[in-house]
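# Structure assessment
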Amino acid sequence: MAATPIAVVTGASSGIGAATARQLAAAGYRVVLTARRKDRIEALAAELTEAGHQATAYALDVTDRPAVDEFARAFRSLAVLVNNAGGALGADPVATGDPADWRQMYETNVIGTLNVTQALLPALTNSGDGTVVILSSTAALSSYEGGGGYVAAKHGEHVLAETLRLEIVGTPVRVIEIAPGMVRTEEFATTRFRGDTEKAAKVYAGVDAPLTADDVADTITWAVTRPSHVNIDLLVVRPRAQASNSKVHRTL
């Protein structure tokens, strides 16, 4: 009897990460949930286990390389890695942006993804059929005012995915990049504006049906579950109301 394939999801404590863990579990994976907030991922693991799925929680900061290496030692074989941990801080112009925010975004989005991917790549390869998913953003593909630091970090993540795909072609590991546009989750914009819920709400004001975490999770799960010889190099997903990062239809 074949072993249940394992999927690691980073940033699984809320939003897209949590939704992806739920959908991969439903698709038959044993999911390993990682995030800094131990209570959140333990609650999600309990929810999934109660629903009859296999789930484990592991508190992890993806920017802590020794901790990531220790985590990776548990895996001889791994089917899927979803690099979801990341996020945005601030919306200041380049001229006045806080370098500390830029540094933190780069560390989380780029170095965090690098840390986990490097540490788990041997197990993904050893599986004979591994998949690396990198959740970037439409910010990885085009700039917008007030997004300089986040755009720079997501461009870095996009290049990481593109370069890794070139370097490991011929190995049994796919590299998939999912680039969502406007997604309304419970925390993304609120975190970006440091808890200012009024500013966060304005991001989505008048937009008919922004994407949800489940929409993106569905896209990730679809890409991961394609036949092994099919690689979804880059999939951009936006709500119908958004034509680009700077062109959004609002009914105000």
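Attention here is on the structure that accompanies the text. Since the model is a prediction, treat every value here as computed from it, not as a measurement.

Parameters and conventions
- Residues numbered from 1 in each chain as written.
- Predicted model: local features only at pLDDT ≥ 70, side-chain atom pairs only at ≥ 80, totals over all residues.
- Heavy atoms only, no water.
- Helix = DSSP H or I, 4+ residues; strand = E, 2+ residues; numbered from the N terminus.
- Expected span 1.5 Å × (residues − 1).
- Buried < 20%, exposed > 50% of the residue type's maximum accessible area, 1.4 Å probe, protein only.
- Contact = heavy atoms within 4.5 Å.
- Pairing = 2+ DSSP bridges.
- Axes fitted to C-alpha atoms, helices over the stretch in contact; angles between N-to-C directions.
- Parallel < 35°, antiparallel > 145°, perpendicular 65-115°, else oblique.
- Left-handed = near helix turned anticlockwise from the far one by under 90°.
- Nonpolar A, V, L, I, M, F, W, Y, C, P; charged D, E, K, R; others polar.
- Phe/Tyr/Trp six-rings, centres within 6.5 Å; stacked < 30°, edge-to-face > 60°.

## Description of helix α5 (residues 148–168)
- When the terminal C-alpha atoms of α5 are compared, their 30 Å separation across 21 residues agrees well with the 30 Å that a helix rising 1.5 Å per residue should span.
- Listed in full, the buried residues belonging to α5 are Gly149, Tyr150, Val151, Ala153, Lys154, Glu157, His158, Leu160, Ala161, Leu164, Arg165 and Ile168.
- Structurally, α5 contributes buried residues whose contacts are with β4 (80–83), α4 (99–126), β5 (130–135), β6 (173–180), α6 (188–192) and β7 (234–237).
- At the C-terminal side of α5, Gly170 shows a positive phi close to 100°.

## A word on the pairing of strand β3 (residues 55–59)
- The sheet contact formed by strand β2 (residues 30–35) and β3 spans five bridges and is parallel. Paired with Val32 across the strands is Thr56, a residue of β3.

## Topic: the packing of α4 against α5
- Orientation of α4 relative to α5, taken along the N-to-C sense of each, is 20°, at an axis distance of 7 Å. Taken together, the axes of α4 and α5 are roughly parallel relative to one another. The way α4 lies across α5 gives a crossing that is right-handed. Taking contact as the criterion, the partners of Trp102, Met105, Tyr106, Asn109, Val110, Thr113, Leu114, Thr117 and Leu121 in α4 are, on α5, Gly148, Gly149, Tyr150, Ala152, Ala153, Lys154, Gly156, Glu157, Leu160, Leu164 and Ile168.
- Its residues placed into classes, the contact of α4 with α5 shows twelve nonpolar, six polar and two charged.

## Remarks on the packing of aromatic side chains
- Applying the stated criterion across every chain, the model contains three aromatic pairs.
- Judged by centre distance (5.1 Å) and plane angle (70°), the ring pair of Phe71 and Phe75 falls under edge-to-face. The same class applies to Phe71 and to Phe75, which are both buried.
- Cluster of aromatic residues (ring-pair linked, three or more members): Tyr58, Phe71 and Phe75.

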